[in-house]
Amino acid sequence: MQFSFYTDCTAQDFSVKNSKIFPTAPERCPFKDCSMPVKLKKHGYYSKFYISGTFSGVIYIRRYICPICGRTVSMLPMFCLQRFQYSGIDIINILHEFYQSQMSLRKFVEKVKLDLPTIERRHINYYRKRIVDNRKLIQYGLNLISPEFIFAGTIPENQIWVKTFLDKVQRLHPHVFLVGFSKTTGKSFLTSQNMIA
Ligand SMILES: [Zn+2]
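The structure displayed is predicted, hence computed values, not measured ones.

Observations concerning the packing of helix H4 (residues 135-145) against helix H6 (residues 174-185)
Argument step 1. In the contact formed by H4 and H6, the axes pass within 9 Å of each other and the chain directions differ by 100°. Judged by the inter-axis angle, H4 sits roughly perpendicular to H6. Between H4 and H6, the contacting residues are Leu 137, Tyr 140, Gly 141, Leu 144 and Ile 145 on the first element and Phe 177, Gly 180, Phe 181, Thr 184 and Thr 185 on the second.
Argument step 2. Taken together, the residues that form the contact of H4 with H6 break down as six nonpolar, four polar and no charged.

Description of the environment of Tyr 127
Argument step 1. Along the polypeptide, Tyr 127 turns up in helix H3 (residues 121-133).
Argument step 2. Taking the C-alpha atoms as reference points, Tyr 127 and Phe 189, 62 residues apart in sequence, are found 9.8 Å from one another.
Argument step 3. Leave out the neighbours within four places in its chain, and Tyr 127 touches Ile 91, Leu 95 and Leu 190.

Focus: the packing of helix H1 (residues 88-101) against H6
Angle between the axes and distance between the axes are the two parameters that describe a pair of packed helices.
Argument step 1. Orientation of H1 relative to H6, taken along the N-to-C sense of each, is 120°, at an axis distance of 9 Å. By the angle between their directions, the pair H1 and H6 is classed as oblique. The interaxial crossing formed by H1 with H6 has right-handed handedness. Residue-level contacts link Gly 88, Ile 89, Ile 92 and Asn 93 of H1 to Pro 174, His 175 and Leu 178 of H6.
Argument step 2. Taken together, the residues of the contact of H1 with H6 break down into four nonpolar, three polar and no charged.

Some details on the sheet that holds strand S2 (residues 41-51)
Argument step 1. With respect to topology, four strands assemble into an open sheet ordered S1-S4-S3-S2, the strand pairing being mixed. Edge positions in the sheet fall to strand S1 (2-5) and S2, since each of these pairs with one other strand and no more. Each strand axis lies, on average, 30° off the axis of its neighbour in the sheet, ignoring direction.
Argument step 2. Summarising the sheet, strand S3 (residues 56-65) and strand S4 (residues 72-77) pair through four bridges and their orientation is antiparallel. Among the inter-strand pairings, Arg 62 is bridged to a residue of S4, identified as Met 75.

Details of the pairing of S2
Successive residues of a regular strand alternate their side chains across the two faces of the sheet.
Argument step 1. Across nine bridges, S2 lies against S3 in antiparallel orientation. Directly across from Tyr 46, in S3, lies its bridge partner Ile 61.
Argument step 2. The loop that links S2 with its antiparallel partner S3 comprises four residues.

Focus on H4
Note that an α-helix has 3.6 residues per turn; residues three or four places apart therefore point the same way.
Argument step 1. Taken together, the buried positions of H4 are occupied by Ile 138, Gly 141 and Leu 142. Buried residues in H4, looked at end-on, bunch into an arc of 100°, giving them a common side.
Argument step 2. Those residues of H4 that are buried are in contact with H3, helix H5 (158-172) and H6.

Describing H1
Argument step 1. The first and last C-alpha atoms of H1 sit 20 Å apart over 14 residues, in line with the 20 Å expected at 1.5 Å per residue.
Argument step 2. For H1, the secondary structure elements touched by its buried residues are helix H2 (105-112), H3, H5 and H6.
Argument step 3. One or two positions beyond H1, positive phi appears at Gln 102, with a value near 65°.

A word on the domain arrangement of the protein chain
Many authors give the size of an interface as the accessible area that is lost as the parts come together.
Argument step 1. Taken domain by domain, the protein chain holds domain 1 (2-77) and domain 2 (88-185).
Argument step 2. It is S1 that contributes the most residues to the side of domain 1 that touches domain 2, four residues altogether.
Argument step 3. Its residues assigned to classes, the side of domain 1 that touches domain 2 shows four nonpolar, four polar and no charged.

Some points on unusual backbone geometry
Argument step 1. With a phi close to 55°, Ser 35 is a non-glycine residue in the positive phi region.
Argument step 2. Within the secondary structure, Ser 35 sits in the loop between S1 and S2.
Argument step 3. One non-glycine residue, Arg 83, lies in positive phi territory at about 70°.
Argument step 4. Mapped onto the secondary structure, Arg 83 falls in the loop between S4 and H1.
Argument step 5. Residue classification places Arg 83 among the exposed positions, given that 12 C-beta atoms sit within 10 Å.

What counts, and at which threshold
Residues numbered from 1 in each chain as written. Predicted model: local features only at pLDDT ≥ 70, side-chain atom pairs only at ≥ 80, totals over all residues. Axes fitted to C-alpha atoms, helices over the stretch in contact; angles between N-to-C directions. Helix = DSSP H or I, 4+ residues; strand = E, 2+ residues; numbered from the N terminus. Parallel < 35°, antiparallel > 145°, perpendicular 65-115°, else oblique. Contact = placed C-beta atoms within 7 Å. Nonpolar A, V, L, I, M, F, W, Y, C, P; charged D, E, K, R; others polar. Left-handed = near helix turned anticlockwise from the far one by under 90°. Pairing = 2+ DSSP bridges. Buried ≥ 20, exposed ≤ 12 C-beta atoms within 10 Å, placed from the backbone. Arc of directions from axis to C-beta. Expected span 1.5 Å × (residues − 1). Domains from an automatic or database assignment.

So this is what it looks like as structure tokens:
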């Protein structure tokens, strides 16, 4: 399971193992079928490669383990997505800009490359496809975070829905969405439905 948390620290701060910049251990197991009222224990870190417009390198993610059921919880700084190298905030901002821009994807990627030289068209298409694949999960999470975001009227076509979703996330602020979504669903909006997160 993964938890996103608010932080004022930068990715650079997470490039060394530092317990102090992570939330303290949950007081109760967050897995519903366990839910034992027992404080989770520190369970080391895992390293991941992280890329944003301002940082590129390894960062360390704190893990806690439930002493009863033995399952682990990863504590992810709000800008970071499990199993993705690029910043979740950058991904949201880039996609939002793309849907606003009316530019061709080729032209748009050339522009993004000025900040993120390694980004390719296939990344953007992959994120878009993943959002469409996760439409039900995302809609479910959005409804819990912000009930006023429930879509009214006819069901929009996928690409129009993605654009509307990204507009809503911008208004909410990407980090508020990322933390809120993880809190309500235990997943990220780009989680593969086939993965046990
Ligand atoms: Zn447990």
